[in-house]
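This is what each chain is made of:
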Amino acid sequence: MQSDAAPGNLPVPMRRLVFVVTEDWFFASHFLPMARAAIGMGLSVAVVTRVRAHRAAIEATGAQVVALEAERASLNPMAAGYAAGQLAAILKALKADIVHCIALRGILVGGTAAAMAGIPSRVFALTGLGLVGARSDRLGPWRPPSRACAAMPVSSPPSAPPRGPGSRPAASPRMR
């Protein structure tokens, strides 16, 4: 049987899973069961998203909702860099252990932010190509290369350095 306390009868810190998704409605329509399952496993769950009409549905699972206003349709790398910086600060404040990035923009911005925040445990769910995949203009041919580029800025070396003094222990092999 697994103990609820660490050696010395200290409580085991709850692991924090943070979902990064551009729109609250998309998370509510596709990922609520995953949030419920994570909470059922004993994880603390937060969802960082642009909040519109689905905050209550997400919070009903027990997850915390953190608003992040980011321009979803912009292809401007400066705007994406700014959003990654904002998100990195949010991830640090939440003390995220695992970052689950959803959709192309979530992967690019969220993965970069997780790297900036020193969080090595990341999950990427490439669910579609968003506005790039739907385009029929001259940017339409960028669909296949955009898939290949999605993982480049978010890769980590096999062993990431510790997060610093007072950081929590690395994820157990079961959590990776």
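Use the structure listed above.
Residues numbered from 1 in each chain as written. Predicted model: local features only at pLDDT ≥ 70, side-chain atom pairs only at ≥ 80, totals over all residues. Heavy atoms only, no water.

Along the protein chain, the regular secondary structure elements total 7 helices and 7 strands. Residues counted as buried form 39% of the 176 residues belonging to the protein chain. As displayed, the protein chain offers around 10,100 Å² of accessible surface, 62% of which is attributable to carbon and sulfur atoms. (Helix = DSSP H or I, 4+ residues; strand = E, 2+ residues; numbered from the N terminus. Buried < 20%, exposed > 50% of the residue type's maximum accessible area, 1.4 Å probe, protein only. Areas by Shrake-Rupley, 256 points an atom, 1.4 Å probe, with all protein chains shown as cover.)

Turning our eyes to something else, we now look at the packing of aromatic side chains. Inspection of the entire model under this criterion finds 4 aromatic pairs. One aromatic cluster in this structure is built from Phe19, Trp25, Phe26, Phe27 and Phe31. (Phe/Tyr/Trp six-rings, centres within 6.5 Å; stacked < 30°, edge-to-face > 60°.)

Along an α-helix, a turn takes 3.6 residues, which lines up residues three or four apart on a common side. When helix α2 (residues 32-40) is considered as a whole, its buried residues turn out to be Leu32, Ala35 and Ala38. Each buried residue of α2 sits inside an arc of 125° when the element is viewed along its axis, so together they form one side. Opposite its buried face, α2 presents the exposed residues Pro33 and Gly40, each directed more than 90 degrees away. Where α2 is buried, its residues touch β3 (16-23), α1 (24-30), β4 (44-50) and α3 (55-59). Of the residues flanking the end of α2, it is Gly42, one or two places downstream, whose phi is positive at about 95°. (Arc of directions from axis to C-beta. Contact = heavy atoms within 4.5 Å.)

Time to look at helix α4 (residues 77-94). For α4, with 18 residues, the first-to-last C-alpha span of 25 Å sits near the 26 Å given by 1.5 Å per residue. All buried positions along α4 are accounted for by Ala83, Ala84, Leu87, Ala88, Ile90, Leu91 and Leu94. Projected down its long axis, α4 carries its buried residues within an arc of 165°, all on one side. Along α4, exposed side chains directed more than 90 degrees from the buried face belong to Met78, Tyr82, Lys92 and Ala93. Of the surrounding elements, those touching the buried residues of α4 are β3, β4, β5 (64-67), β6 (98-102) and α5 (103-116). The opening residue of α4, the one whose side-chain oxygen lies 2.7 Å from the backbone nitrogen of Met78, is Asn76. Immediately beyond the C-terminal end of α4, within one or two residues, lies Lys95, with a positive phi of roughly 55°. (Expected span 1.5 Å × (residues − 1). Polar contact = N/O pair within 3.5 Å; in protein donor to acceptor, adjacent residues only side chain to side chain.)

Quick look at empty space enclosed by the protein now. Counting across every chain of the model gives 1 cavity of 30 Å³ or more. There is about 160 Å³ of room inside the largest cavity. Lining the largest cavity we find 16 residues, and of these Val21, Thr22, Leu68, Ala70 and Arg105 sit closest to its centre. Ranked by the residues each element gives to the lining of the largest cavity, the list is headed by β3, at 4 residues. Taken together, the residues of the lining of the largest cavity sort by class into 8 nonpolar, 3 polar and 5 charged. (1 Å grid on protein atoms, 1.4 Å probe; cavity = no way out; pocket = protein on both sides within 12 Å on 5 of 7 lines; lining within 4 Å. Points joined across faces, edges and corners; volume = space filled by probe spheres on them. Nonpolar A, V, L, I, M, F, W, Y, C, P; charged D, E, K, R; others polar.)

Our next topic: the packing of α4 against α5. The geometry of α4 relative to α5 is characterised by a closest axis approach of 8 Å and an angle of 55° between their N-to-C directions. As judged from the angle between their axes, α4 and α5 are oblique. Note on packing geometry: the crossing formed by α4 with α5 is right-handed. Where α4 abuts α5, its residues Ala79, Ala80, Ala83, Ala84, Gly85, Leu87, Ala88, Leu91 and Lys92 lie against Arg105, Val109, Gly110, Thr112, Ala113, Ala114 and Met116. Considered class by class, the residues forming the contact of α4 with α5 number 11 nonpolar, 3 polar and 2 charged. (Axes fitted to C-alpha atoms, helices over the stretch in contact; angles between N-to-C directions. Parallel < 35°, antiparallel > 145°, perpendicular 65-115°, else oblique. Left-handed = near helix turned anticlockwise from the far one by under 90°.)

Here the focus is the nonpolar core. With 22 residues, the main nonpolar core has Val18, Val48, Leu87, Leu91 and Val99 as its most contacted residues. Elements supplying a minimum of two residues to this core: β3, β4, α4, β6 and α5. Top contributing element to this core by residue count: α4, with 7 residues. Those residues within four positions of Val18 in sequence are excluded, and the remaining contacts are Ala46, Val48, Leu91, Leu94, Ala96, Ile98, Val99 and His100. Leu17, Phe26, Leu32 and Val47 belong to the second-largest nonpolar core, a separate cluster that totals 21 residues. (Core = buried A, V, L, I, M, F, W, Y, C linked by side-chain atoms within 4.5 Å.)

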